[in-house]
Amino acid sequence: MEEQDRVAAFVAEHGLETDLAYRVLDLKSEVGEIAKEVTTSTDYGSDPDAAAVAPDEVGDALFALLALAEAAGIDADEALAASVSKYEARIDASGDAGSGR
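Residue positions are counted from 1 within each chain, in the order its sequence is given. With pLDDT at 70 or above as the cut-off, local features in this predicted model cover only qualifying residues; side-chain atom pairs require 80 or more to be listed or tallied, and sums for whole chains, interfaces and linings still use all residues. Each side-chain value is worked out from all heavy atoms of the structure, with water and hydrogens disregarded.

Draft legend 1. Just the overall build of the protein chain, in detail. In this description a helix means any DSSP run of H or I spanning at least four residues, a strand means any run of E spanning at least two, and both kinds are numbered starting from the N terminus. Along the protein chain, the regular secondary structure elements total 4 helices and 0 strands. Of the regular secondary structure in the protein chain, the N- to C-terminal order runs α-α-α-α. Against the compact-globule benchmark of 13 Å for 101 residues, the protein chain has a radius of gyration of 17 Å, which places it well outside the compact range. In terms of its C-alpha atoms, the protein chain occupies a principal-axis envelope of roughly 45 × 40 × 25 Å. Expressed as a percentage of its 101 residues, the buried residues of the protein chain come to 17%. A separation threshold of at least 6 residues defines the contact pool for the protein chain, and within that pool the share at least 24 residues apart is 56%. Areas reported as accessible are Shrake-Rupley estimates using a 1.4 Å probe. Residue values count occlusion only from the protein chains shown. Carbon and sulfur atoms make up 56% of the accessible area of the protein chain, which amounts to about 7,100 Å² in all. Taking the average place of the 7 positive charges on the side chains of the protein chain and the average place of its 23 negative ones, the gap between the two points comes to 8 Å. Within these notes, the globule rule equals 2.2 Å times the number of residues to the 0.38 power, and the radius of gyration is based on C-alpha atoms. Using a 1.4 Å probe on the protein chains alone, a residue whose accessible area is under 20% of its type maximum counts as buried, one over 50% counts as exposed, and one in between counts as partly exposed. In what follows, residue pairs with any heavy atoms lying within 4.5 Å of each other are defined as contacts. Charge assignment: positive for Lys and Arg, negative for Asp and Glu; neither His nor the chain ends contribute. Note that the charge is assigned to NZ on lysines, CZ on arginines, CG on aspartates and CD on glutamates.

Listed below in structure tokens is the structure:
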């Protein structure tokens, strides 16, 4: 995935390499920031139609996820393709994308 390569190059260029555990924690933090934005913009869920997320926050989460994939030695494009195939198979089998758990 071109985006994964771009993130990997940025990390290498700026000396931002770190271990896998830190990458997981960073991703959790970035997704938490998105959740906080939605919580705040919806007045703690009382107005779901007001949900708002800033594009830069989604970008931060994507950066963190692609850096995690790189640190784990996972090809993000292959992982995404496998996930889409899994959801398609679930929909074909049950009409629902959920895992049923």
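Now, onward.
Draft legend 2. Representation of unusual backbone geometry in the model. You will see that aspartate 43, though not glycine, has its phi angle at about 50 degrees, which is positive. The topology assignment puts aspartate 43 in the loop between α2 (20-41) and α3 (55-72). At tyrosine 44, a residue that is not glycine, the phi angle is positive and equals roughly 60 degrees. Tracing the backbone through its elements, the reader meets tyrosine 44 in the loop between α2 and α3. Judged by relative accessible area, tyrosine 44 falls into the exposed class, the value being 68%.

Draft legend 3. Spatial organisation of the nonpolar core. Residues Val7, Val11, Leu66, Ala67, Ala69 and Ala76 constitute the largest nonpolar core, which totals 6 residues. In contact with valine 11, not counting residues within four places along its chain, are Leu16, Glu17, Arg23 and Phe63. Remark: nonpolar core denotes a set of buried residues (Ala, Val, Leu, Ile, Met, Phe, Trp, Tyr, Cys) joined through side-chain atoms within 4.5 Å.

Draft legend 4. Molecular detail of the packing of α2 against α3. In this description, a line fitted to the C-alpha atoms serves as the axis of each element, helices being fitted only across the stretch in contact, and the angle between N-to-C directions of two axes falls anywhere from 0 to 180 degrees. Two elements in contact, α2 and α3, have axes separated by 9 Å at closest approach and are oriented at 160 degrees. For the element pair α2 / α3, the angle class is roughly antiparallel. Here α2 runs over α3; the crossing is left-handed. Contacts from Leu20, Arg23, Val24, Asp26, Leu27, Glu30, Val31, Glu33, Ile34 and Glu37 in α2 reach Glu57, Val58, Asp60, Ala61, Ala64, Leu65, Ala67, Leu68, Ala71 and Ala72 in α3. In the scheme used here, Gly and all other residues not listed as nonpolar or charged are polar, with Ala, Val, Leu, Ile, Met, Phe, Trp, Tyr, Cys and Pro taken as nonpolar and Asp, Glu, Lys and Arg as charged. Residues that form the contact of α2 with α3 fall into these classes: 13 nonpolar, no polar and 7 charged. Angles below 35 degrees are treated as roughly parallel, those above 145 as roughly antiparallel, those between 65 and 115 as roughly perpendicular, and all remaining angles as oblique. If you view the pair so one helix is near and one far, a crossing is left-handed when the near helix is turned anticlockwise from the far one by less than a right angle, and right-handed when it is turned clockwise.

Draft legend 5. Local environment of a nonpolar patch on the surface. Residues enter patches when they are more than 30% accessible in relative terms and free of salt bridges; like-charged ones are connected within 9 Å and nonpolar ones (Val, Leu, Ile, Met, Phe, Trp, Tyr) within 5 Å. The salt bridge criterion pairs a side-chain nitrogen of Lys or Arg with a carboxyl oxygen of Asp or Glu, the two atoms within 4 Å. On the surface, Val53, Val58 and Leu62 cluster together into a nonpolar patch covering about 220 Å² of accessible area. By the secondary structure assignment, valine 58 is in helix α3. Overall, valine 58 belongs to the partly exposed group, its relative accessible area being 35%.

Draft legend 6. Up close: the environment of lysine 36. Relative to the assigned elements, lysine 36 resides in helix α2. Sequence spacing of lysine 36 and valine 53 is 17 residues, and the spatial spacing of their C-alpha atoms is 9.3 Å.

Remember that the coordinates give geometry; whether it matters functionally is a separate question.
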